[in-house]
Amino acid sequence: AELLARWEPTGGWVVEGAYSCLSWDGYCTPTALEQSIDREGSAPKHQFRIRSASSLPGNVDLDVTYRYVGELSAFDAPQRHAVDTRLAWSPTHRLELAVGGRNFLSPPQVEFVSESRTIPSRIPWGAHASVTVHFQ
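Quick caveat, the model's predicted, so the values are computed rather than measured. (Residues numbered from 1 in each chain as written. Predicted model: local features only at pLDDT ≥ 70, side-chain atom pairs only at ≥ 80, totals over all residues. Heavy atoms only, no water.)

Some words on a nonpolar patch on the surface
Okay, so step 1: A surface patch of nonpolar side chains, amounting to about 360 Å² of accessible area, comprises Leu56, Leu62, Val64, Leu87 and Val99.
Okay, so step 2: Looking at Leu87, the relative accessible area reads 39%, which means it is partly exposed. (Patch = residues over 30% accessible without salt bridge, like charges linked within 9 Å, V, L, I, M, F, W, Y side chains within 5 Å. Areas by Shrake-Rupley, 256 points an atom, 1.4 Å probe, with all protein chains shown as cover. Salt bridge = Lys/Arg side-chain N within 4 Å of Asp/Glu carboxyl O. Buried < 20%, exposed > 50% of the residue type's maximum accessible area, 1.4 Å probe, protein only.)

Remarks on the pattern of salt bridges
Okay, so step 1: Throughout the structure, instances matching the rule amount to seven salt bridges.
Okay, so step 2: Here Arg67 ties to Asp84 by a salt bridge, and the two come within 3.1 Å at their closest N and O atoms. You can see Arg67 sitting in strand β4 (residues 60-69) and its partner Asp84 sitting in strand β5 (residues 80-92), a full 17 residues away along the chain. Accessibility classification places Arg67 together with Asp84 in one group, the buried group.
Okay, so step 3: Salt-bridge contacts for Glu96 lead to Arg86; the nearest nitrogen and oxygen are separated by 2.7 Å. (Helix = DSSP H or I, 4+ residues; strand = E, 2+ residues; numbered from the N terminus.)

Structure (structure tokens):
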């Protein structure tokens, strides 16, 4: 099940939220059991996300996203909390300067597992900066 909501408290501010719940029925094909492909605990049961996007005075945009992902017990990956941010300034309609960060709040840990189920993927903390020029 999944629930999505969007709210615009003011003209320059949007708040979005999403929640999903995954419930396994416990059935696996013989092939899946042999290969350990479909195991309960290989996907998070609960996930939640809330995002706030604001257009501030001075041509500044601020986006903040909080994410919760439940544990992946089949891979010994605990639940995780993360915050992603982005701050952008547009001194002209053709130029944007931005900085941001990803995965604040918790140390890098398994976020998903490859299709072969052999290589867990970790997404580390990160920071970025960008310059965007619009030519039209």
